[in-house]
Amino acid sequence: MFKLSLKTIFATWLTGLLALLPLTLTLVLLAWIVSLLDRLIGPSTLAGQISAGLGQYFVSNPSLAYLFGGFVLLACLYPLGLAVQLGLRGPLTRLIDVTLRRTPLIGQLYNLADRFVALLDKDKNPDIGAMSPVWCFFGGDGTAVLALLPSPTPIEIEGRSYHAILVPTAPIPIGGGLLYVPVEWVRPAHMGIDELTSIYVSMGLTPPPKARTRRDQSLDLDHGKGF
């Protein structure tokens, strides 16, 4: 009886811990981010001193000078972004290619940082949005795999038409195995990229939209609506 009561108490305590854990981890993560930002751009850093020095031209209070200078620096990003949109990206990229990228150690670090930032820049990765989610039925009637179709145009391999499909193995960023399968194995999934991503992120817990009948899918393909 004592063991049963002790087990019940522990189970109740564990339930409370699990209920509080997400909030605790969120607060810990926020504290870590604030601490990291303070070490990178805080008032004692070089960036913070530049910000405070700029703000002193407008206000005398040190704290307000730091905040105001930071606001001015952030505001300066807008004309830079506008210039990049108007055509500065090309010359800037060429300048970096002949300077930073050719420097032995700095070039490798810059390439790594550039690839990471590119994951956040949708303008640099328009291809994912142009892909179409599809179902691939291996063998024609076998295992159904949710995949991405890079192009609706089939290619010919040894006299047979194939589609190139990407089967995701990592949802963010999307990556996976590139397979060439017969066109008759591939059918439209009738969902968006966001729905496909949520299915893979949830590891299958999020169900796909209700599948349409094979007759409806074939009609879509016949009328050119499949992809």
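Before reading on, note that the structure itself is shown above.
Before going into details, it helps to say that this report is about the structure given with it. (Residues numbered from 1 in each chain as written. Predicted model: local features only at pLDDT ≥ 70, side-chain atom pairs only at ≥ 80, totals over all residues. Heavy atoms only, no water.)

Quick notes on the overall build of the protein
Within the protein one finds 7 helices and 6 strands. For the protein, the α and β elements follow one another from N to C terminus as α-α-α-α-α-β-β-β-β-β-β-α-α. Looking at the protein as a whole, 20% of its 227 residues are labelled buried. The long-range fraction of contacts in the protein, counting pairs at least 24 apart against all pairs at least 6 apart in sequence, stands at 35%. (Helix = DSSP H or I, 4+ residues; strand = E, 2+ residues; numbered from the N terminus. Buried < 20%, exposed > 50% of the residue type's maximum accessible area, 1.4 Å probe, protein only. Contact = heavy atoms within 4.5 Å.)

Concerning the packing of helix H2 (residues 46-55) against helix H3 (residues 62-98)
Relative orientation of the contacting elements H2 and H3 amounts to 100°, with a least axis distance of 7 Å. Regarding the angle of H2 to H3, the classification is roughly perpendicular. Across from Gly-48, Ser-51, Ala-52, Leu-54 and Gly-55 in H2, the residues of H3 making contact are Ala-65, Tyr-66, Phe-68, Gly-69, Gly-70, Val-72 and Leu-73. Here the residues of the contact of H2 with H3 are counted per class, giving 7 nonpolar, 5 polar and no charged. (Axes fitted to C-alpha atoms, helices over the stretch in contact; angles between N-to-C directions. Parallel < 35°, antiparallel > 145°, perpendicular 65-115°, else oblique. Nonpolar A, V, L, I, M, F, W, Y, C, P; charged D, E, K, R; others polar.)

Section: the packing of aromatic side chains
This structure, assessed with the given rule, holds 3 aromatic pairs. Both rings, one in Phe-58 and one in Phe-68, keep their centres 5.0 Å apart while their planes meet at 50°; by these two values the pair is tilted. In this pair, Phe-58 sits in the loop between H2 and H3 while Phe-68 sits in helix H3, placing the two residues 10 residues apart along the sequence. We classify Phe-58 as exposed; its relative accessible area is 53%. A ring pair is formed by Phe-138 and Trp-185, whose centres lie 5.9 Å apart and whose planes are at 70°; its orientation type is edge-to-face. (Phe/Tyr/Trp six-rings, centres within 6.5 Å; stacked < 30°, edge-to-face > 60°.)

Observations regarding H3
Every α-helix winds through 3.6 residues per turn, so residues three or four apart in the chain are directed the same way. Given a rise of 1.5 Å per residue, 37 residues ought to cover 54 Å, yet the end C-alpha atoms of H3 are separated by just 40 Å, more than 12% below that figure. The largest bend in H3 amounts to roughly 90° and is located at Gly-87, with the proline Pro-91 lying one to four residues further along. Buried residues of H3: Ala-65, Gly-69 and Ile-96, and no others. You can read the cap of H3 off the contacts: a side-chain oxygen lies 3.0 Å from the backbone nitrogen of Ser-63, and it is on Asn-61. (Expected span 1.5 Å × (residues − 1). Bend = angle between axes of the 7 residues up to and from the residue. Polar contact = N/O pair within 3.5 Å; in protein donor to acceptor, adjacent residues only side chain to side chain.)

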